[in-house]
Amino acid sequence: MSDNKTKLAAGTSGSVVVEHCQVCQGTDLDPVFFAGYLPPVNEMPAIGSQPHEQPAYPAQVLRCRRCHLAQLGLVVDPAILFPPTYPYTSGTTKILRDNFAELYQEVSKLYPMGKQDLVVDIGSNDGTLLSNFQPHHRDHGIEPTNAGNLAVERGISTLTSFFNRAAVETTVKAHGRAKVVTATNVFAHMEDIGEIMRCVLDLLDEDGIFISESHYWLALLETLQYDTIYHEHLRYYSLTSLKYLLEAHGLEVVRAKRIPTHGGSIRVYAARKGKLPVHESVSAILATEDRELTDKKLADFRHDVVRSKLELYALLADIHARGQKVYGVGAPSRASTLINYVGLDDGILDCVLEIKGSYKIGKYIPGTLIPVLEESRLFEDQPAYALLLSWHIADELIPKLTARGFKGDYIVPLPRPRIVKGKGG
Ligand SMILES: [Zn+2]
């Protein structure tokens with residue numbers, strides 16, 4: 001297994017077509033869903049600029065029959081998806097900050113560490129996760145983008161690099177091997193997962209714990225989150241597929257838990273085989289997946305996604321016929337998939353609003369001429385409807401926006417499009 005590199009066939013440019021399962025190398029891959037040809041989510045031209053040639057890549061999800069991994073059928077060149085100026089910072093999302101604080105609490109309770117023990121975060125971004133460990137343990141981040149500079153400013157040791165063999169060698173040389181290695185919401189983004197796992201093993205102490213958090217495939221299916229499908233997310237994990245991956249590299253899943261980040265994720269603890277007792281949560285979640293991840297579930301998902309698209313279109317068509325305005329609220333990466341898949345344009349959605357300070361303001365939503373404007377416009381213009389593009393946190397957003405003075409109604413696009421009455425309604 002260890003010599004089995006992911007087999008990728010050459011495609012156009014630096015992108016590659018997936019012909020084998022990236023976890024088990026199986027070739028029995030079923031198409032689950034095709035979201036169409038999507039532009040890279042960070043391709044956002046300035047408002048007013050003339051539309052020019054832009055790339056778009058097919059976003060098809062395939063499911064492996066053997067290990068239940070769901071993966072994109074095309075791996076887009078990472079140099080295109082993650083330029084050094086990649087602007088995402090995890091510190092800006094409250095639910096993520098809370099999650100990392102909770103992760104720290106859980107780790108220190110379940111697997112107490114000493115002051116000299118090292119924690120390494122893969123894809124450490126602006127250091128938000130490590131800032132929880134920093135006062136208590138030694139810590140080090142590995143981050144390919146400029147977001148790492150923000151971590152360094154907070155005093156968190158950070159290596160600016162993709163996570164690869166050279167980065168691991170540099171880290172081990174400078175800091176030794178890690179007691180805890182974390183990889184949150186990056187495990188799905190990296191191209192050669194076998195090589196990543198070999199690097200994790202080289203980095204991890206003999207008694208170390210590897211903690212991954214990944215967007216959870218079952219949650220995606222349950223709540224129809226097709227909008228989380230974009231090219232940065234190469235793989236969508238179940239515990240079944242993660243177990244397959246970890247075991248192939250001599251690691252054992254010792255604990256697992258569903259967590260709320262990104263609309264539903266799974267946190268998995270693994271250690272070298274036999275080092276730690278296996279918690280009952282592992283067999284419980286595996287049994288649920290056995291029951292739930294059926295062919296029928298996938299067929300229902302496909303059907304329901306199409307229905308949600310048609311229903312959202314019908315709802316917006318009614319509003320358009322009445323001459324009323326709709327503003328989008330929030331421009332996370334998932335908004336780009338929803339807008340492009342449903343086929344919204346600036347005649348349907350007047351604009352999308354982002355909070356003041358967002359680098360997206362003054363640009364177009366990828367693949368469209370829908371402008372991203374400052375959030376204050378919602379209260380100044382009072383459109384009839386706000387379309388919540390961060391719909392997975394609608395319960396948190398609606399009371400906030402109403403309290404701040406928005407008098408219109410809300411459209412929650414998924415899992416099934418619905419209107420939630422605001423103050424005026
Ligand atoms: Zn597989």
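Nothing here was measured: the structure is a model prediction, and the numbers come from that model.

## Quick look at the environment of E396
Looking at where E396 falls in the secondary structure, it is placed in helix α13 (residues 394–403). Counting along the chain gives 97 residues from E396 to A299, while the straight-line C-alpha distance between them is 31 Å.

## Section: the sheet that holds strand β5 (residues 70–72)
Read from one edge of the open sheet, four strands run β3-β4-β5-β12, paired in antiparallel fashion. The outermost strands of the open sheet, each flanked by one partner alone, are β3 (29–38) and β12 (235–236). Against the sheet, helix α10 (residues 295–321) contacts β3 and β4 (57–64), and its axis sits at roughly 20 degrees relative to β3.

## Thoughts on unusual backbone geometry
Trans peptide bonds make up most of the peptide bonds, and negative phi angles are found at most residues other than glycine. Looking along the chain, the bond that leaves L414 and enters P415 is cis, with omega of -5 degrees. Position of P415 among the secondary structure elements: in the loop between β19 (409–412) and β20 (418–420). Its identity is not glycine, yet Q382 carries a phi of approximately 45 degrees, on the positive side. Structurally, Q382 can be placed in the loop between α12 (377–381) and β18 (385–388). For Q382, a relative accessible area of 27% translates into the label partly exposed.

## Some details on the pairing of β3
The element β3 is largely enclosed, with a buried count of seven among its ten residues. Note: β3 against β4, seven bridges, orientation antiparallel. The residue bridging F34 from the neighbouring strand is Q60, located in β4.

## What about the coordination of the zinc ion?
At this site the zinc ion is bound by C21 (SG), C24 (SG), C64 (SG) and C67 (SG), with donor distances of 2.3 Å. Here the zinc ion is ringed by four donor atoms whose angles at the metal span 100 to 117 degrees, and the overall shape comes out tetrahedral. Donor residues binding the zinc ion come from one chain and are separated in sequence as C-x2-C-x39-C-x2-C. For C21, a relative accessible area of 0% puts it in the buried group. Using a relative accessible area of 5% as the deciding quantity, one classes C24 as buried.

## Thoughts on the pairing of strand β15 (residues 326–329)
Side chains V326 and G328 of β15 all project onto a buried face; the interleaved residues Y327 and V329 project onto the opposite face, where all are buried too. Sheet analysis places β15 next to β18, joined by four bridges and oriented parallel. Within the sheet, the bridge partner assigned to V329 lies in β18 and is L388. Assessed by its sense of winding, the connection that carries the chain from β15 through helix α11 (residues 333–342) to strand β16 (residues 351–354) is right-handed.

## Some thoughts on the side chain of E375
With respect to the element layout, E375 can be found in the loop between β17 (372–374) and α12. Exposure remark for E375: the relative accessible area of 12% places this residue in the buried category. Looking at E375, its side chain comes within polar contact range of the side chain of R404, at 3.1 Å.

## A word on the pattern of salt bridges
Taken as a whole and assessed by the stated rule, the structure comprises 29 salt bridges. Between R267 and E102 there is a salt bridge whose closest N-O contact spans 2.9 Å. Taken together, the residues R267 in strand β14 (residues 265–272) and E102 in helix α2 (residues 94–110) connect sequence positions 165 residues apart. Taking relative accessible area as the criterion, R267 reaches 0% and is therefore assigned buried.

## Focus: the confidence of the model for the protein chain
Regions with low pLDDT should not have their predicted coordinates read in detail. On average, the protein chain scores 91 in pLDDT, and the residues at 70 or more come to 94%. Low pLDDT (under 50) marks residues 1–12, which in the prediction has 26 contacts with non-local residues, meaning those over four places away or in another chain.

## Details of the sheet that holds strand β8 (residues 138–143)
Read from one edge of the open sheet, seven strands run β9-β8-β7-β10-β11-β14-β13, paired in mixed fashion. Of all the strands in the sheet, just β9 (158–160) and β13 (251–259) have a single pairing partner and so form its edges. Taking each pair of neighbouring strands and ignoring which way they run, the sheet shows an average axis angle of 15 degrees. The sheet contact formed by strand β11 (residues 204–215) and β14 spans seven bridges and is antiparallel. Residue pairing in the sheet places H215 in a bridge with S265 of β14. In the packing of helix α6 (residues 193–203) onto the sheet, the strands contacted are β7 (118–122), β10 (178–184), β11, β13 and β14, and the crossing angle to β11 comes to about 140 degrees. Helix α9 (residues 280–292) contacts β13 and β14 of the sheet and is inclined by roughly 70 degrees relative to β13.

## Focus: the packing of helix α8 (residues 239–248) against α9
Across the interface, α8 lies against α9 with an axial gap of 9 Å and an inter-helix angle of 120 degrees. By the angle between their axes, α8 is oblique relative to α9. Residues L239, T240 and K243 of α8 form the contact with α9, whose own contacting residues are V282, I285, L286 and E289. Within the contact of α8 with α9, the residues separate by chemical class into four nonpolar, one polar and two charged.

## Considering the packing of aromatic side chains
Two aromatic rings are characterised by how far apart their centres lie and by the angle between their planes. Summed over all chains, the structure comprises nine aromatic pairs. Between Y104 and F133 the ring centres are 4.9 Å apart and the planes differ by 85 degrees, which places this aromatic pair in the edge-to-face class. Of the two residues, Y104 is situated in helix α2 and F133 in helix α3 (residues 128–133); the sequence distance between them amounts to 29 residues. F133 shares its class with Y104; the two are buried. Ring pairing ties together the aromatic residues F33, Y226, F301 and Y341, which thus form one cluster.

## What to know about the nonpolar core
In terms of nonpolar packing, the biggest core is built from 110 residues, with F163, F187, F210, W217 and Y226 touching the most fellow members. Not counting residues within four places of it along the chain, the set of residues in contact with F163 comprises I122, I142, V168, M190, I196, C199, V200 and L203. Residues M113, F133, I209 and V254 belong to the second largest nonpolar core, which totals 19 residues.

About the criteria used
Residues numbered from 1 in each chain as written. Predicted model: local features only at pLDDT ≥ 70, side-chain atom pairs only at ≥ 80, totals over all residues. Heavy atoms only, no water. Helix = DSSP H or I, 4+ residues; strand = E, 2+ residues; numbered from the N terminus. Pairing = 2+ DSSP bridges. Contact = heavy atoms within 4.5 Å. Axes fitted to C-alpha atoms, helices over the stretch in contact; angles between N-to-C directions. Buried < 20%, exposed > 50% of the residue type's maximum accessible area, 1.4 Å probe, protein only. Donors = N, O, S within 2.8 Å, 3.2 Å for Na, K, Ca; no water. Tetrahedral: all angles 85-135°; square planar, octahedral: opposite > 155°, others 65-115°. Right-handed = clockwise from strand over helix to strand, strands pointing away. Polar contact = N/O pair within 3.5 Å; in protein donor to acceptor, adjacent residues only side chain to side chain. Salt bridge = Lys/Arg side-chain N within 4 Å of Asp/Glu carboxyl O. pLDDT = per-residue confidence, 0-100. Parallel < 35°, antiparallel > 145°, perpendicular 65-115°, else oblique. Nonpolar A, V, L, I, M, F, W, Y, C, P; charged D, E, K, R; others polar. Phe/Tyr/Trp six-rings, centres within 6.5 Å; stacked < 30°, edge-to-face > 60°. Core = buried A, V, L, I, M, F, W, Y, C linked by side-chain atoms within 4.5 Å.

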